[in-house]
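# Understanding the architecture of this molecule
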Amino acid sequence: MAKTSFSCSACGASFSKWSGRCEGCGEWNTISEDKGLSSGPSKKSLGVKRGRTIPLSDLATREIPPPRACCGVGELDRVLGGGLVAASAILVGGDPGIGKSTLLLQAAARFAKAGVKTIYVSGEEASAQVRMRAQRLGLADAPVQLAAETNLRDILTTLEAEKPQLAIIDSIQTMWSDHVDSAPGSVSQVRAAAHELTTFAKRNGVSIIMVGHVTKDGQIAGPRVVEHMVDTVLYFEGERGHQFRILRAVKNRFGPADEIGVFEMTGGGLAEVINPSALFLSERGEPSPGSVVFAGIEGTRPVLVEMQALIAPSPHSQPRRAVVGWDSSRLAMILAVLEARCGIPFAGLDVYLNVAGGMKISEPAADLAVAAALLSAREDVALPADTVVFGEISLSGALRPAPQTENRLKEAQKLGFTAAIAPGGSKTVSVNGLNLRKSSDLAGFVGEFFGAG
Ligand code: TYD
Ligand code: MG
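Just so it is clear, the structure is predicted and the values come from calculations on it, not from any experiment.

Criteria and thresholds
- Residues numbered from 1 in each chain as written.
- Chains lettered and ligands numbered in written order.
- Predicted model: local features only at pLDDT ≥ 70, side-chain atom pairs only at ≥ 80, totals over all residues.
- Heavy atoms only, no water.
- Salt bridge = Lys/Arg side-chain N within 4 Å of Asp/Glu carboxyl O.
- Helix = DSSP H or I, 4+ residues; strand = E, 2+ residues; numbered from the N terminus.
- Buried < 20%, exposed > 50% of the residue type's maximum accessible area, 1.4 Å probe, protein only.
- Pairing = 2+ DSSP bridges.
- Axes fitted to C-alpha atoms, helices over the stretch in contact; angles between N-to-C directions.
- Contact = heavy atoms within 4.5 Å.

### As for the pattern of salt bridges
The full count for this structure, using the stated rule, is 19 salt bridges. The closest approach of N and O atoms between E237 and R248, which form a salt bridge, is 3.0 Å. Note that E237 is positioned in strand 9 (residues 232–237) and R248 in strand 10 (residues 244–252), a separation of 11 residues in sequence. For the pair E237 and R248, one class covers both residues: buried. Taking the shortest distance from any N to any O, the salt bridge between E392 and R400 comes out at 2.9 Å. Salt bridges sharing partners connect three or more residues here, namely E75, R78, E259 and R301.

If you want it as structure tokens, here you go:
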């Protein structure tokens, strides 16, 4: 007999015996016995009964893999790794209200029009509401089948009978499976539903896209284990006040991770943004101190974004360090390197750093652009407006070359920039009309462009 285990339905912690209060999160009456997920072979022996032989196959095969289905929305197809893979399970996470249902309804309509049999199951809205939204988006003529249902058993039975190629489940938190005792949205329900849907996708050759809400701390509500189960995890992110939305692949078994697709929320739904750099830079005016353009790479594509810094004398004994769109510990590191290696102190100064347009940057190559923005704000000197900056800063103050120098330079040139500042070790590439200036360390960079240090 398999050993029983217990888990907390609020935080997901697992225990070997039952207790009234979860030691993990302190909640009362949330621990219940785990059951449901198909149990694997028991530890010791499977007994005398023999299993059936499973067919084995070679790695080399003549079977042609099924082609990926493209919906024609280039930004979405690219983030999926070049189209939708048959029998894959995809999780799309994002804050409530960011536009997940809109995105997926539009995708469903495009896939259906491209000849992919598509079912859209909404657990949050009634069919009439989904239909109304589709009408407003001008998609009413797409051959998408709709259902409003939350019972997982009924949904799977329907999918088995209808045999669609793509099913969209909006959202995983509203689904409930009747062999798990806790409420919909609880960790054990979400986990069971994701497991059932993923298994169903593999067995029946249906691609399933699940919507997942994200908690305040940025995790897809429910255990992280849902992310391990699925093939692809996409995050749909953006700032409420901005109309830009970014679909980011954080995990993809069938394509590059870190790929992004950029959309704009309009009155008529989400519109693709083919040239994000132009959009992110569209609000730039005259050269101003504290603003520097970073030539970045997101996934396979170069993207230019503006880094903005503001430095002001602090009225507090503990000066403020506020960051939007970048890592705050990375900012602390850059400030420390500027102080230790270039003798430029930031003590007693409030530092604000913002990535324009609601972008989130995680590339280390943004270091030099951030340092340039900080210096420019502190010294009140603007860099020439036609210059882009990139490069990684090490703790010693040396500048490390960033990958894909050529792509960055070409994108900058395409958008009308005429100069680039890059680390000394960068590959020498000549791009017509673009002047590449190299600095080997941070102190040299500071001296050359800000006359200090
Ligand atoms: P929705 O897709 O319902 O978000 P989610 O499923 O992620 O919770 O999108 C909700 C927001 O999108 C809502 O605040 C209004 C906005 N929106 C538009 O601006 N234009 C549109 O055409 C649509 C359908 C929604
Ligand atoms: Mg929704």
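### Examining the sheet that holds strand 6 (residues 145–148)
Taken together, 9 strands build an open sheet; the order of strands is 6-5-7-8-4-9-10-11-12 and the sheet is mixed. Where the open sheet ends on each side, the last strands, each with one partner, are strand 6 and strand 12 (269–272). This sheet shows a mean twist of 25° between the axes of neighbouring strands, independent of strand direction. In this structure, strand 9 lies alongside strand 10, joined through 6 bridges in antiparallel fashion. Pairing of F236 across the sheet is with L247, part of strand 10. Taken strand by strand, helix 2 (residues 100–113) contacts strand 4 (89–94), strand 5 (118–122), strand 7 (166–170), strand 8 (207–213), strand 9, strand 10, strand 11 (260–266) and strand 12, and its axis lies near 160° from that of strand 5.

### Some remarks on unusual backbone geometry
Cis rather than trans, the peptide bond between D170 and S171 has omega equal to 0°. Along the chain, S171 turns up in the loop between strand 7 and helix 5 (187–204). Phi at N29 is positive, roughly 55°, even though this residue is not glycine. Here N29 lies in the loop between strand 2 (14–15) and strand 3 (31–33). Residue N29 is classed as exposed on the basis of its relative accessible area, which comes to 65%.

In short, shape yes, function no, at least from these values alone.
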